[in-house]
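Summary of structural features
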Amino acid sequence: MESTVTKGLCKIDWFCSPSYCLPWLLLLAGLLVVSYRNFMFGEHYAGKDLKRGKEIDPKWKIESFHPVELDAEEICDLDEDNLIGSGGTGKVYRLDLKKNGGTVAVKQLWKGNEVKLLAAEMEILGKIRHRNILKLFACLMKSGSNFLVFEYMENGNLFQALHRQIKGRQSELDWQQRYRIALGAAKGIAYLHHDCSPAIIHRDIKSTNILLDEDYEPKIADFGVAKIAEKSPVGSNSCCFAGTHGYLAPELAYTFKVTEKSDVYSFGVVLLELVTGRRPIEEQYGDGKDIVYWVLTHLNDRESVLEVLDQKVATDSVQDDMIKVLKVAIICTATLPSLRPTMRDVVKMLIDADPCTFRSPGGNSDKNGKLFL
Ligand SMILES: Nc1ncnc2c1ncn2[C@@H]1O[C@H](COP(=O)(O)OP(=O)(O)OP(=O)(O)O)[C@@H](O)[C@H]1O
Ligand SMILES: [Mg+2]
């Protein structure tokens, strides 16, 4: 017993001896110095950097969603020479960042209802992440001026890519590229409808709101008028009409009840643009008529269906694949919302129409050239 106590006391003595304590004390002091330096360093940068989402200047309010280093002063110092374009919600500029050499797109919102737009974009884009949804890096608010900072899309929007004249080439986008854009955009919208909870209805799907990166990967943009399905009770949207002529589902003429199926209709119009290379509204369609009407009047036989396809890309080897996508577009633009597929179905149908998938000998084309679709 005694010997155990003595042994214990010996241990304590040794523990308290300078040879044991000194290294530990030095280590502890070192750790304290390092922590203090890190704390001071962090404080210093919090004052300069937007990436931490803090206020850099009492006049600025910043919300950031991605770890990208941005300088508020640089973002507001926009050069008219770098104006990309303007739309219903604001002016968009290209901005080459000085710090890391990257490029971003900055949208300066028009004065007026920008707070509502800003809130919608921030609430939706700040939270979601998908390969086919445009990334919102940050929002900047300063008395009266509001800026949204997005990833920059090298190839502009789909409408431009479909109608740009490329020297020595028939079309900037061949059928394979158009098909990949259709599938990517469908996946982006399907994600909003089926994988976000509550579901998100975009309400302004159109070719100018589908942006293309340097590899022509499509990204859905412009969530300013989007709606979180569950939040708005039926009929609550009557005050905020949204959408674009030529893309609006027919039911929106008599009801304000917006559902996922109105996005499906608008996406069907985009598919028609990809297949035909035409605009949603053209004089040729007739007074008050649109691309959906025009295509429906061309479905009697294979010859008239072939007339609908964009001649710039419809080579013999891709005609049948284009017709498969045309078929999906026609189902999406059905007058009755209940007859339209869901976006998940659309993705499946497009995958089935993949030109790279195995096709059984003989395929499904009508050799007699009768009613084709
Ligand atoms: N992140 C981006 N990268 C590159 N270009 C962009 C980006 N965002 C928008 N743009 C381009 O800026 C221009 C203006 O876009 P904006 O969304 O304001 O208008 P819009 O799509 O033409 O019309 P709407 O207001 O009806 O959506 C378009 O040409 C668009 O392609
Ligand atoms: Mg837009």
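Residues numbered from 1 in each chain as written. Chains lettered and ligands numbered in written order. Predicted model: local features only at pLDDT ≥ 70, side-chain atom pairs only at ≥ 80, totals over all residues.

**As for the overall build of the protein**
For clarity, the cut-off: Helix and strand definitions here come from DSSP, where helices need a minimum of 4 consecutive H or I residues and strands a minimum of 2 consecutive E residues; each element is numbered from the N-terminal end. Counting other C-beta atoms within 10 Å of a residue's own tells you its class, since 20 or more makes it buried, 12 or fewer makes it exposed, and anything in between is partly exposed; those C-beta atoms are placed from the backbone. Here contacts are defined at the residue level, using C-beta atoms placed from the backbone and a cut-off of 7 Å between them.
Counting its regular elements, the protein contains 11 helices and 10 strands. Expressed as a percentage of its 373 residues, the buried residues of the protein come to 34%. Put simply, of all contacts in the protein between residues at least 6 apart along the chain, 63% involve residues at least 24 apart.

**With respect to the nonpolar core**
The cut-off we apply is this: For this analysis, nonpolar core means a set of buried Ala, Val, Leu, Ile, Met, Phe, Trp, Tyr and Cys residues linked through C-beta atoms within 7 Å. Those domain boundaries reflect an automatic or database domain assignment.
Core analysis: the biggest nonpolar cluster contains 84 residues, and Val 149, Ala 186, Leu 271 and Val 325 have the highest contact counts within it. Counting residues per element, this core draws most heavily on helix H6 (residues 175–195), at 10 residues. Here this core spans two domains, since at least three of its residues come from each of domain 1 (61–151) and domain 2 (158–352). The residues contacting Leu 271, other than those within four sequence positions of it, are Ala 182, Val 325, Val 328, Ala 329 and Cys 332.

**What about the site of ligand 1?**
Condition: We count a residue as near a molecule or strand when its backbone-placed C-beta atom lies within 6 Å of that partner. In this classification, Asp, Glu, Lys and Arg are treated as charged, Ala, Val, Leu, Ile, Met, Phe, Trp, Tyr, Cys and Pro as nonpolar, and every other residue, Gly included, as polar.
Lining the immediate surroundings of ligand 1 are 21 residues, of which Gly 85, Gly 87, Gly 88, Ala 105 and Asn 157 lie closest. For the shell around ligand 1, the secondary structure elements donating two or more residues are strand S2 (83–86) and strand S3 (90–96). At three residues, S2 tops the list of elements feeding residues into the shell around ligand 1. For the shell around ligand 1, the per-class residue count stands at nine nonpolar, 11 polar and one charged. For the shell around ligand 1, the two domains that each supply at least three residues are domain 1 (61–151) and domain 2 (158–352).

**Concerning helix H10 (residues 319–332)**
This is how it is decided: Any helix carries an expected span of 1.5 Å times its number of residues minus one.
Between its terminal C-alpha atoms H10 stretches 20 Å, which fits the 20 Å expected from 14 residues at 1.5 Å a residue. Of the residues making up H10, those classed as buried are Asp 321, Met 322, Ile 323, Val 325, Leu 326, Val 328, Ala 329 and Cys 332.

**Some words on the UniProt feature "binding site: ATP" (unreviewed entry) in the protein**
Defined as follows: UniProt positions are given in the numbering used here, feature names are shortened, and annotations may be inferred rather than shown by experiment.
As recorded in UniProt, the sites labelled "binding site: ATP" (unreviewed entry) are Lys 107. With respect to the helices, strands and loops of the structure, Lys 107 is situated in strand S4 (residues 103–109). By C-beta crowding, Lys 107 is classed as buried, having 26 other C-beta atoms within 10 Å. For Lys 107, the contacting residues outside a window of four places in its chain are Gly 90, Val 92, Phe 147, Leu 148 and Phe 150.

**A look at helix H7 (residues 260–276)**
Taking 1.5 Å of rise per residue, the 17 residues of H7 would be expected to cover 24 Å, and the 25 Å separating its terminal C-alpha atoms lies within 8% of that figure. Within H7, 17 of the 17 residues are buried, which leaves it mostly tucked inside the rest of the structure. Within two residues after H7, Gly 277 carries a phi angle of roughly 70°, on the positive side.

**Some words on unusual backbone geometry**
Between Ser 197 and Pro 198 the backbone carries a cis peptide bond, its omega angle lying at -5°. When you line up the elements, Pro 198 lands in the loop between H6 and strand S7 (200–201). Despite not being glycine, Arg 203 has its phi angle at roughly 75°, a positive value. With respect to the element layout, Arg 203 can be found in the loop between S7 and strand S8 (210–212). Using a count of 24 C-beta atoms within 10 Å as the deciding quantity, one classes Arg 203 as buried. One non-glycine residue, Asp 222, lies in the positive phi region at around 65°. Note that Asp 222 resides in the loop between strand S9 (218–220) and strand S10 (227–228).

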